[in-house]
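# Examining the three-dimensional arrangement
This is what each chain is made of:
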Protein chains: 2
Amino acid sequence: MTAPETIQRLRDIIAGQDRDALMLEVSQAHPADVAEGLSTLEPAEIAGFVEILGPRETLEIFEFIPFDVQSLTLKYLSRPSLAQLMNIMSPDDRADLMEEVDDDFQERLLSLLLKHERQNVLKLINYPEDSAGAHMTTDYAILRPDSDVQTALEQVRLQAATKETIYYIYVVDAARHLVGLVSLRDLIVSRRKSRVEDIMSKQVISVRADEDIEDVATLSSRYDFLAVPVVDAQERMLGIITFDDLYDIMADEATEDMYHLANLDTDEKVGSPLLRSVKLRVPWLLTALGSGLVAAYTVSLFAKTIHEVVALASLMTIVALLGGNAGNQSLVVVVRALALGEIKVAHDWRVLLKEAAVGLCNGLIVGLVIGAIAALWFGNPWLGLIMWLAIAGNLVIAGLFGSMVPILLRKLNLDPALGSSIFVTTATDVGGFLLFLGLATLVLPHLMGN
Amino acid sequence: MTAPETIQRLRDIIAGQDRDALMLEVSQAHPADVAEGLSTLEPAEIAGFVEILGPRETLEIFEFIPFDVQSLTLKYLSRPSLAQLMNIMSPDDRADLMEEVDDDFQERLLSLLLKHERQNVLKLINYPEDSAGAHMTTDYAILRPDSDVQTALEQVRLQAATKETIYYIYVVDAARHLVGLVSLRDLIVSRRKSRVEDIMSKQVISVRADEDIEDVATLSSRYDFLAVPVVDAQERMLGIITFDDLYDIMADEATEDMYHLANLDTDEKVGSPLLRSVKLRVPWLLTALGSGLVAAYTVSLFAKTIHEVVALASLMTIVALLGGNAGNQSLVVVVRALALGEIKVAHDWRVLLKEAAVGLCNGLIVGLVIGAIAALWFGNPWLGLIMWLAIAGNLVIAGLFGSMVPILLRKLNLDPALGSSIFVTTATDVGGFLLFLGLATLVLPHLMGN
């Protein structure tokens, strides 16, 4: 977090339009840090910052500002600054920003772009939000296979200023088909007279523009890539996705899974205003309430049994709690394995069987412990026995549902984590109450007198 | 996953000691893919692979094999191959591997290393497991500030073969103090006669060797660094940590948080054998059982009340369920914010207050809904009223404990996610039952007759 003094100083400098002071301020900090402080100011002040420093000098800082703040700021910029800024932004960031603004303003921004850049934006914003195409930049460095290394280095040098990275350089033929990859390291260490096609790696791993961006992130982390090339169906280069964007996507994906498992909306942050947090959490709690009502209704079916043996009301909470815990264990193992690409569809049924078997073993072990405790506590071995059986059965339900729900959701092309914990808890609550109270009703004469 | 045919082919080629076939096999796939197939073979077979292909040709593949498989393989290697392999491995991977083996074998491996490499290993394995020092590599490229760009490029070229990265080059003085950073891109685009100190960036963000590696990963993702330099207390360069290692650490950290929130051991994988999964999950379920017993005991205190009004047994499950859900929401928001560095200790109390307030608002809203349903279901407004109050109170408890537990754990330098969901669930179960059944006992005459 930026110190309040720093933010106040920034504010004062902007108000005073003191370009020299601003240059000094900016030169002493990393663009990401300046952007963090800046993001806490009003959009009009941020626009003032851009005007004073100039779009070109602000660009690197501006790209670290969150998109929602960027889009608010644009409305306060003068037309020349806005036009310049939009034309020099990196294509992937610009496309993301354009999707953030309303249609009218998007039209206006498009009209400010040079023809070439405008076509570029229109191409990028047509890809679906979660696709590789939507996250790629079209600023990548290229070489021809028949160049020699000396020439290639000179060409890279010429491309360096405007490309997102020059550490991976893509080798393309005349029709822009991707035919190879050379790293700048390869170029630097090779003899100056070697030809690019002799030093390039020919087995280039690429992704299609319509592939899921999360799969691309998994791929990239597996191979330690600095960037992943994006191609069309004819293997023609369309763009690249760089490691820093993929890094953010991995982190966002993990946050999303954790949030969805805990029944939270991904728009929420620890710093969200009170009423926003309330608004985002209430729908989830109401859904959980639906699940709770089903469970409560199940219990109410056994009102007579509970009336006779009140101890059941205490002990049934343990059956539900253990089922919920075990179901959540299976759920998280499977959700994480799906996210990291560790489960293939062909092997799904094995995961289900294994989780059910783990549930059975754990249920028999833990159920025996609590069964013994319950038998001693209430002085009735029958109580212990039905507890044991109910927990063993409920942990099988937990294993089955905990693994089945996320796999089913994935097969339906939905997020495996979204709402899955509510499904699983409903299954273990209802299953646990049915098993435990049902068994208790069956052996009721043996339980009476407690 | 590697296809069974590929693995069998690999196995046959190794058995037949066919070097040419092996070279062909290896040249057609990415090292990470070869390593994946190889990892499924017996350690003796993997050692055979290394012997046939030679340590130098195998190195890149070998470094993609998991450390536990690597360490088993080493024991089957001939002495010359072992010595060569250990001496050419990258220092960070080698140090990690050396920590995996038993003390006797570690001694043997150390004796095979050249003096310089041996000292290097001893230095690295002395850093605590979660520190920046333990994850750094000492193979980084350096330059002197007074070199000109032409000379600098030549020096980088000479260093390229042995360094982990040459895209960030660290500028050090004669005593190896870190004074600047130049990227290879900067060098390529600068005039050949410029001096390094004039083009380098002087505000280099570095970390101390004893800093927590997770903090370093957060830092690196914030600034989009390719590598982070590690320095000692006198700002002398010790090593660098590259983005690919930090990427893995971020992913591992997310897995760890998700696993700990779900009460799972991080050693477990979706593919773990049945008995191992059982062994790793039982202790957690037994801990949850302890929490369940406390809750069950709380309920048993109100046996008489429940005996009179059995509807309470149904409805109390809803109070506990909503409390558990809301507590988990607060918990995950705070755990994730701690992991991403979004909460600073100075602002902790504000988070607690906010979460309690969110709990109160949500409790009043959701409690009103379920209170109305309960009143209609059982035809008793008093039942609805106590339900409303109990849920509002329990959701305040949920907000308080859900935010307090992870913050306290972090202040005690423990993992904020570890075991925290059990604490929070215990608080909301016990709190919910106490509030709901306690209120019911107070107004019992009004509830009777249902």
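Treat the numbers as computed from the prediction; the structure is a model and nothing was measured.

### Some words on the interface of chain B and chain A
With 85 residues of chain B at the interface, the matching set in chain A holds 85 residues. By residue number, the principal contributor to the side of chain B that touches chain A is helix α19 (residues 311-339) of chain B, which donates 17 residues. Residues of the side of chain B that touches chain A, tallied by class, amount to 56 nonpolar, 16 polar and 13 charged.

### Thoughts on the packing of helix α4 (residues 43-53) of chain B against helix α5 (residues 55-62) of chain B
All names here are of chain B. Two elements in contact, α4 and α5, have axes whose closest approach is 7 Å; the angle formed by their N-to-C orientations is 135°. Classified by the interaxial angle, the pair formed by α4 and α5 is oblique. Here F49, V50 and L53 of α4 come into contact with α5, specifically with P55, E57, T58 and F62. Split by residue class, the contact of α4 with α5 holds five nonpolar, one polar and one charged.

### A look at the domain arrangement of chain A
Domain boundaries assigned for chain A yield domain 1 (4-126), domain 2 (140-250) and domain 3 (274-447). Centre-to-centre separation of domain 1 of chain A and domain 2 of chain A, based on C-alpha positions: 29 Å.

### A few points about the relation of the copies chain B and chain A
With an axial shift of 0.1 Å and an RMSD of 0.2 Å, the rotation relating chain B to chain A amounts to 180°. Such a turn and shift between the copies fits a two-fold axis. Identified as the residue of chain B closest to the rotation axis by C-alpha distance is H307 of chain B, at 2.7 Å.

### A word on the nonpolar core
Core analysis: the biggest nonpolar cluster contains 287 residues, and L312, L322 and I391 of chain A together with L312, L322, V334 and I391 of chain B have the highest contact counts within it. In this view, I391 of chain B contacts V319, L322, G363, V366, G367 and I370 of chain B; residues no more than four positions away in its chain are not counted.

### Looking at the sheet that holds strand β2 (residues 165-172) of chain B
Residues and elements named next belong to chain B. Pairing within the open sheet is mixed, and its three strands lie in the order β1-β2-β3. This sheet does not close on itself; its edge strands, each paired only once, are β1 (140-143) and β3 (178-183). The average undirected angle you get between the axes of adjacent strands in this sheet is 35°. The pairing of β1 with β2 spans three bridges and is parallel. Within β2, the residue paired with I142 across the bridge is Y170.

### Concerning the sheet that holds strand β5 (residues 227-231) of chain B
Residues and elements named next belong to chain B. Strands sit in the order β4-β5-β6 across an open sheet of three strands; the sheet is mixed. The outermost strands of the open sheet, each flanked by one partner alone, are β4 (207-208) and β6 (237-242). By the bridge criterion, five bridges tie β5 to β6 in an arrangement that is antiparallel. Along β6, the bridge assignment pairs V230 with G239. Across the sheet, helix α16 (residues 243-261) is in contact with β5 and β6; its angle to β6 comes to roughly 60°.

### Topic: the environment of F225 of chain B
All names here are of chain B. Positionally, F225 belongs in the loop between α15 (213-223) and β5. Linking F225 and V430, residues 205 residues apart in sequence, is a C-alpha distance of 47 Å. If we ignore the near neighbours within four places in the chain, the residues touching F225 are S220 and F243.

### A look at the environment of G393 of chain A
All names here are of chain A. The residue G393 is located in helix α21 (residues 381-411) in this model. C-alpha separation for the pair G393 and A15, spaced 378 residues apart in sequence, amounts to 69 Å. Discounting chain neighbours no more than four positions away, the residues touching G393 are G363 and L435.

### Details of the confidence of the model for chain A
Considering every residue of chain A, the mean pLDDT works out to 91; 98% of them sit at 70 or more. In the predicted assembly, ipTM is 0.79 and pTM is 0.80.

Calculation criteria
- Residues numbered from 1 in each chain as written.
- Chains lettered and ligands numbered in written order.
- Predicted model: local features only at pLDDT ≥ 70, side-chain atom pairs only at ≥ 80, totals over all residues.
- Contact = placed C-beta atoms within 7 Å.
- Helix = DSSP H or I, 4+ residues; strand = E, 2+ residues; numbered from the N terminus.
- Nonpolar A, V, L, I, M, F, W, Y, C, P; charged D, E, K, R; others polar.
- Axes fitted to C-alpha atoms, helices over the stretch in contact; angles between N-to-C directions.
- Parallel < 35°, antiparallel > 145°, perpendicular 65-115°, else oblique.
- Domains from an automatic or database assignment.
- Least-squares fit on C-alpha atoms with pLDDT ≥ 70 in both.
- Core = buried A, V, L, I, M, F, W, Y, C linked by C-beta atoms within 7 Å.
- Buried ≥ 20, exposed ≤ 12 C-beta atoms within 10 Å, placed from the backbone.
- Pairing = 2+ DSSP bridges.
- pLDDT = per-residue confidence, 0-100.

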